[in-house]
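Residues per chain are reported as follows:
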Amino acid sequence: MDKKRFNLVIILTSAALLGIILMQAYWVMDAFKLKESQFEHRVKLALKSVVDEMMLTQPDSIRENNSGCGMSCESGMIVFDDCVKPRVLDSLINLEFKQLDVDRAFYYGVINKTSHQISFGNYGNYGEQLFTSVHSISLSCLYRPEIHVLVVYFPDQSLIIWNELLGWLIISAILLLLLIGGFSYSVISLMKQKKLGEMKSDFVNNMTHEFKTPISTISLASEMLLNPSVAGDIEKTHRYANIIQSENARLRKQVEQVLQIAVLDKGEFSLKQRQIDVHKVIEHLIKNFSIVVKKRRGEIKMELSAKNSIIVADKDHLSNVIMNLLDNAEKYSHCAPLITVRTWNAEKGIVIGVEDQGIGISPENQKQIFKNLYRVPTGNVHNVKGFGIGLYYSKTIVEAHKGTITLQSEPKQGSRFEVYLPFYQIESDEQERQK
Ligand SMILES: Nc1ncnc2c1ncn2[C@@H]1O[C@H](COP(=O)(O)OP(=O)(O)OP(=O)(O)O)[C@@H](O)[C@H]1O
Ligand SMILES: [Mg+2]
């Protein structure tokens, strides 16, 4: 998938996900409003019930007509003070609200609309709120001017309603989180796959290029050897044969490098562990490597101060690891390379440090360089040749020896790689011998 289409798919899917989240939020708000109106309806029913009950009472003043407050209302004779008694109202309200499942903390009062005052009630500090509450019922007779109104106020009405929606809210939140998590995971994996694809194609291009040079040199040199004018000249024959030999060695080294990676990936490499002296390995490598450094007018220093430099390790693999670090220190120094190799003893092991004053590595790339095929991006051109395998190989080998490889670097200042290798294998060997 090309980059533009990939980005478009990501943008569209993110927009769809955002749309789903917004719609979900809209539905939750809608459900809240529905629950709110259901609640209001339940309170209204409870209030109506309270008033109906109250109208059935028979105060003394109208007992002579043998009718209740309701009947007298029909005849237009209701006497408010006789029919609406605070004590009766209080017990009726408490009873009704309990039955209708709205027995949360509530406050009520009977307000007089003409005088704008509260006649009586149980309203605590919420007197003001009674005048704005939506839960009210008229205590005046039908078709008569509304004077007395019974009002109820719930201080935590929103909380009551959210509580009723809690189950749905939790399920919605979990589903949304799952959706967002799944989506993010898929996008991240897709991006990683894409990056890996790009790195692999870079690697193949790079490898083809690297192989082409020795192949064409060998082909040219062998053509020259076949040339009759050269055939009799021993010196020239020697020179071309040497070229073929060294280019062939270079090719073999590259092929081995590429094959190593396949072996590492499958985890099929085996360590031939023996007691080795790390200092001797380093000295031997540096003896050959210093020629390369000197050619570039550089310098390589050794400060081998570890008192105990004997460990149990695979000599060939360990030499490759140190060689990779030396090779990088030289390759990634644009001016004359200044390299220092140090050793010292750490707790139960030895540390090998390779330091250069080269181009350094930015913090975001420091996390990536140990990954297979990763090379610090330098635009479209890579002036320094390489496959991006060296550090991945080194890390895998060091970890197989139960060691660690760390890096400290600053762009344009240089880099310091430190390989820690434990002695513990010696200890376990000794333990085995003692047994
Ligand atoms: N000492 C260093 N200074 C600056 N950058 C470095 C150094 N060592 C490694 N890097 C960066 O880390 C990347 C990965 O290094 P690694 O050795 O794995 O691969 P490579 O050198 O590109 O190729 P090869 O597989 O041939 O070693 C390099 O491409 C380079 O960008
Ligand atoms: Mg390298």
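Everything below is about the structure shown above.
Below is a summary of the structure that appears in this document. None of these values were measured; they are calculated from a predicted model.

## Observations concerning the pairing of strand β8 (residues 338-346)
Looking along a regular strand, one sees side chains alternate from face to face of the sheet.
Thinking step 1. Where strand β6 (residues 299-304) and β8 come together, six bridges link them in parallel fashion. What sits directly across from E299, in β8, is L338.
Thinking step 2. In this sheet, strand β9 (residues 349-356) lies alongside β8 in antiparallel orientation, the contact comprising eight bridges. Within the sheet, the bridge partner assigned to N345 lies in β9 and is I350.
Thinking step 3. With antiparallel pairing between neighbouring strands as the criterion, β8 and β9 make up a hairpin whose turn holds two residues, including K348 at a positive phi of roughly 55°.

## Some thoughts on the sheet that holds strand β3 (residues 135-138)
Thinking step 1. Taken together, four strands build an open sheet; the order of strands is β2-β1-β4-β3 and the sheet is antiparallel. In the strand order of this sheet, the two ends are held by β2 (117-122) and β3, each with one partner. Recorded for the sheet is a direction-independent mean angle of 25° between the axes of neighbouring strands.
Thinking step 2. Two elements, strand β1 (residues 107-112) and strand β4 (residues 148-153), share six bridges in a ladder whose sense is antiparallel. Its bridge partner lying in β4, N112 is registered against H148.
Thinking step 3. Contacts from helix α1 (residues 3-55) reach β3 and β4 within the one sheet, and its direction differs from that of β3 by about 30°.

## Considering the site of ligand 1
Thinking step 1. Near ligand 1 lie 20 residues; those nearest to it are N328, Y332, R375, I389 and L391.
Thinking step 2. With respect to ligand 1, the backbone of V376 contributes an N or O atom lying 3.2 Å from an oxygen atom.
Thinking step 3. Contact distances for ligand 1 include 3.0 Å between an oxygen atom and a backbone N or O atom of F387.
Thinking step 4. Its free accessible area being 600 Å², ligand 1 has 97% of it covered by the protein chains.
Thinking step 5. For the shell around ligand 1, the secondary-structure elements that each account for two or more residues are α11 (315-331), α13 (390-400) and β11 (414-422).
Thinking step 6. Here the shell around ligand 1 is built from residues that sort into ten nonpolar, seven polar and three charged.

## Section: the pattern of salt bridges
Thinking step 1. Applying the stated criterion to the full structure yields eleven salt bridges.
Thinking step 2. When the shortest N-O distance is used, the salt bridge between R342 and E355 registers 2.8 Å. Taken together, the residues span a long stretch of sequence, with R342 in strand β8 and E355 in strand β9 at a distance of 13 residues.
Thinking step 3. Residue classification places R342 among the partly exposed residues on the basis of a relative accessible area of 25%.
Thinking step 4. A relative accessible area of 22% means that E355 is categorised as partly exposed.
Thinking step 5. Through salt bridges with shared partners, one network takes in E303, R342, E355, R416 and E418.

Criteria and thresholds
Residues numbered from 1 in each chain as written. Chains lettered and ligands numbered in written order. Predicted model: local features only at pLDDT ≥ 70, side-chain atom pairs only at ≥ 80, totals over all residues. Heavy atoms only, no water. Pairing = 2+ DSSP bridges. Helix = DSSP H or I, 4+ residues; strand = E, 2+ residues; numbered from the N terminus. Axes fitted to C-alpha atoms, helices over the stretch in contact; angles between N-to-C directions. Contact = heavy atoms within 4.5 Å. Near = heavy atom within 4 Å. Polar contact = N/O pair within 3.5 Å; in protein donor to acceptor, adjacent residues only side chain to side chain. Areas by Shrake-Rupley, 256 points an atom, 1.4 Å probe, with all protein chains shown as cover. Nonpolar A, V, L, I, M, F, W, Y, C, P; charged D, E, K, R; others polar. Salt bridge = Lys/Arg side-chain N within 4 Å of Asp/Glu carboxyl O. Buried < 20%, exposed > 50% of the residue type's maximum accessible area, 1.4 Å probe, protein only.

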